Amino acid sequence: MRAMFWMSALAIGLGACGGDKEDTGGGGDEGDVIGADGGDGGDDGDTCGGTAPVIEELRCENTGLQPDEVGNPTPTLTLWALTSDADADLSFYTLNIYFDDVVDGAVSTDDPAFSPVEGAVSESTCTTEEAQLGAILLIKGGNPELNKEYEFGVTVEDVAGVVSEMAILSCITPLPDGSEGDGSGI
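Engineer: Explanation requested: the overall build of the protein in the structure shown.
Structural biologist: Regarding its fold elements, the protein presents zero helices and eight strands. In sequence order, the secondary structure elements of the protein are arranged as β-β-β-β-β-β-β-β. A total of 186 residues make up the protein; the buried ones form 44% of that total. Put simply, 72% of the contacts in the protein that link residues at least 6 apart link residues at least 24 apart. In the structure as shown, the protein presents an accessible area of about 9000 Å², 47% of it carried by carbon and sulfur atoms.

Engineer: Would you mind going over the packing of aromatic side chains with me for this structure?
Structural biologist: Any aromatic ring pair is given by two values, namely how distant the centres are and how the planes are angled relative to each other. Considering all chains together, one arrives at four aromatic pairs under this definition. Aromatic pair F99 and Y150: ring centres 5.2 Å apart, planes at 85 degrees, arrangement edge-to-face. Of this pair, F99 sits in strand β4 (residues 92-100) while Y150 sits in strand β7 (residues 149-157), and the two are 51 residues apart along the sequence. As far as the burial class goes, F99 and Y150 line up, both buried. Geometrically, the ring pair formed by F99 and F152 is tilted, given 5.8 Å between the ring centres and 35 degrees between the ring planes. Here F152 lies in strand β7 and F99 lies in strand β4, a separation of 53 residues in the sequence. Residue classification places F152 among the buried residues on the basis of a relative accessible area of 0%. In this structure an aromatic cluster arises from ring pairing among F99, F114, Y150 and F152.

Thresholds, definitions, all that
Residues numbered from 1 in each chain as written. Predicted model: local features only at pLDDT ≥ 70, side-chain atom pairs only at ≥ 80, totals over all residues. Heavy atoms only, no water. Helix = DSSP H or I, 4+ residues; strand = E, 2+ residues; numbered from the N terminus. Buried < 20%, exposed > 50% of the residue type's maximum accessible area, 1.4 Å probe, protein only. Contact = heavy atoms within 4.5 Å. Areas by Shrake-Rupley, 256 points an atom, 1.4 Å probe, with all protein chains shown as cover. Phe/Tyr/Trp six-rings, centres within 6.5 Å; stacked < 30°, edge-to-face > 60°.

If you want it as structure tokens, here you go:
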């Protein structure tokens, strides 16, 4: 069974909070068009598409109890990826999250427990060079377990379909009451 999660996205400098979106002026009023092959559909092929996003910082945060899909209070862990993209095509993204219980600096992508998280940061293409992307993970126990240390691996795919290198971070899942865990298990 796939683990359940929620997703949220904040665009740094784009005013995406509360549903307001504002163009930062990086690519004109409507931005450049990205073709079906991921390349720029406009005349300036070097400005949008083809450059991989870079996860500048990855962090995890215990976000306490939050209601699951049926309203039950559930322990949560939020992963945040401060991401940049030189060609400014982070307007739509896919966040892929993997984890394992072996803390060794490597995380396998073979059997992901979480579905990819997709979201829009801006309605304009080729104008989003930096975004703070987040996913709220509902930790119900099982896989991943509560109060256990895991290594999480995250990749970001931009609107052109170009995927970042994986960023890896060690985190401890919360206790059943949503408080900080110590990694000793339940």
